[in-house]
Amino acid sequence: KRRIGYVPSMFDRAPRDSTDAPAVPFLAPWCEAGRGPSDRFRLLALGAELNAVTAIVAGRHRQIPLDLLLDRLALRAARHGSWLEGRTVTDADLRDLLAFAPPDASPGLDGALHRFWRRLVTIDLGTPEGVAEACDAVGLAVVSALPDPIARLADAIASVQSAHDRLEARALAAGDVALSLSLGFPRVVPLVSLVATPEHLRLSAPGLCDAAPDLLLKAIPDVIALAGDLVQRAARIEAARPKLRAK
């Protein structure tokens, strides 16, 4: 095992100026069928969905506000992580814990988890320093050198889970860090942290490896739907801007 360093990837190239590209990636209807019983078809659908996420984080869809998208995903990951650890909070609760907490006061477990995720998704994985910071943040001393990104994700979750009992949210975050690094993403993208259940956290690394494709197939369409919603909201604000200026 070794800590993953930065590997040059497709993200080193400037994105094409594709003004005719769709606002958000398009998922073909057969991707939904990828959740059926055929392992080969499931993996084909997963490849298509991961390619869509790749296009988003690579900046190929210029209308998507990437920083805002990742911040919203961080909020969802924090809410889900709180639930995994036995606490129930809303998005509004998490926002308030950070917005209204005095500077010298602790925001509590839920606020700290939200702050952790907000920082994690801003880290630049394109530098060795950023890679080290992301790994340290999730308690991941090493990342598996296995060639399979799914195996790396599962190994990272199992490693942190065994070393830090009762830190379920951090263990899942470690899996998302390992996956983002393996796929060459420039930022950490919460995926398994949005949908995993306590049952998944009781699995061994091989069990997690088998379960991870279905978790990703469940998480990614919601990520793309959120991106589309943010694009529509941004378009409405842009359309209203001249009217606001006129007033």
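Conventions and cut-offs
Residues numbered from 1 in each chain as written. Predicted model: local features only at pLDDT ≥ 70, side-chain atom pairs only at ≥ 80, totals over all residues. Heavy atoms only, no water. Helix = DSSP H or I, 4+ residues; strand = E, 2+ residues; numbered from the N terminus. Polar contact = N/O pair within 3.5 Å; in protein donor to acceptor, adjacent residues only side chain to side chain. Core = buried A, V, L, I, M, F, W, Y, C linked by side-chain atoms within 4.5 Å. Buried < 20%, exposed > 50% of the residue type's maximum accessible area, 1.4 Å probe, protein only. Contact = heavy atoms within 4.5 Å. Salt bridge = Lys/Arg side-chain N within 4 Å of Asp/Glu carboxyl O.

Novice: What should I look at first to understand the side chain of Thr-54 in this one?
Specialist: Mapping Thr-54 onto the fold places it in helix H2 (residues 39-57). A polar contact is formed between the side chain of Thr-54 and the backbone oxygen of Leu-50, at a distance of 2.9 Å.

Novice: Sorry if this is basic, but what is going on with the nonpolar core here?
Specialist: As a rule of thumb, nonpolar side chains are buried together in soluble globular proteins. Among the nonpolar cores identified, the biggest contains 69 residues, and Leu-69, Trp-117 and Leu-120 are the most heavily contacted of them. Elements with a minimum of two residues in this core: H2, helix H3 (66-84), helix H5 (108-120), helix H6 (128-137), helix H7 (149-163), helix H8 (168-182) and helix H10 (205-246). Here the element with the most residues in this core is H10; it accounts for 13 residues. With sequence-adjacent residues up to four places away left out, Leu-120 is seen in contact with Ala-134, Ala-137, Val-138, Ala-173, Val-177 and Val-188.

Novice: How should I be thinking about the pattern of salt bridges in this particular structure?
Specialist: Between side chains of opposite charge, a pair can form as their charged atoms come close. Taken as a whole and assessed by the stated rule, the structure comprises 9 salt bridges. Among the ionic pairs, Arg-42 bridges to Asp-214, the shortest N-O distance being 3.0 Å. In this pair, Arg-42 is assigned in helix H2 and Asp-214 in helix H10, connecting sequence segments 172 residues apart. Its salt-bridge partner being Arg-87, residue Asp-110 comes within 2.7 Å of it at the nearest N-O pair.

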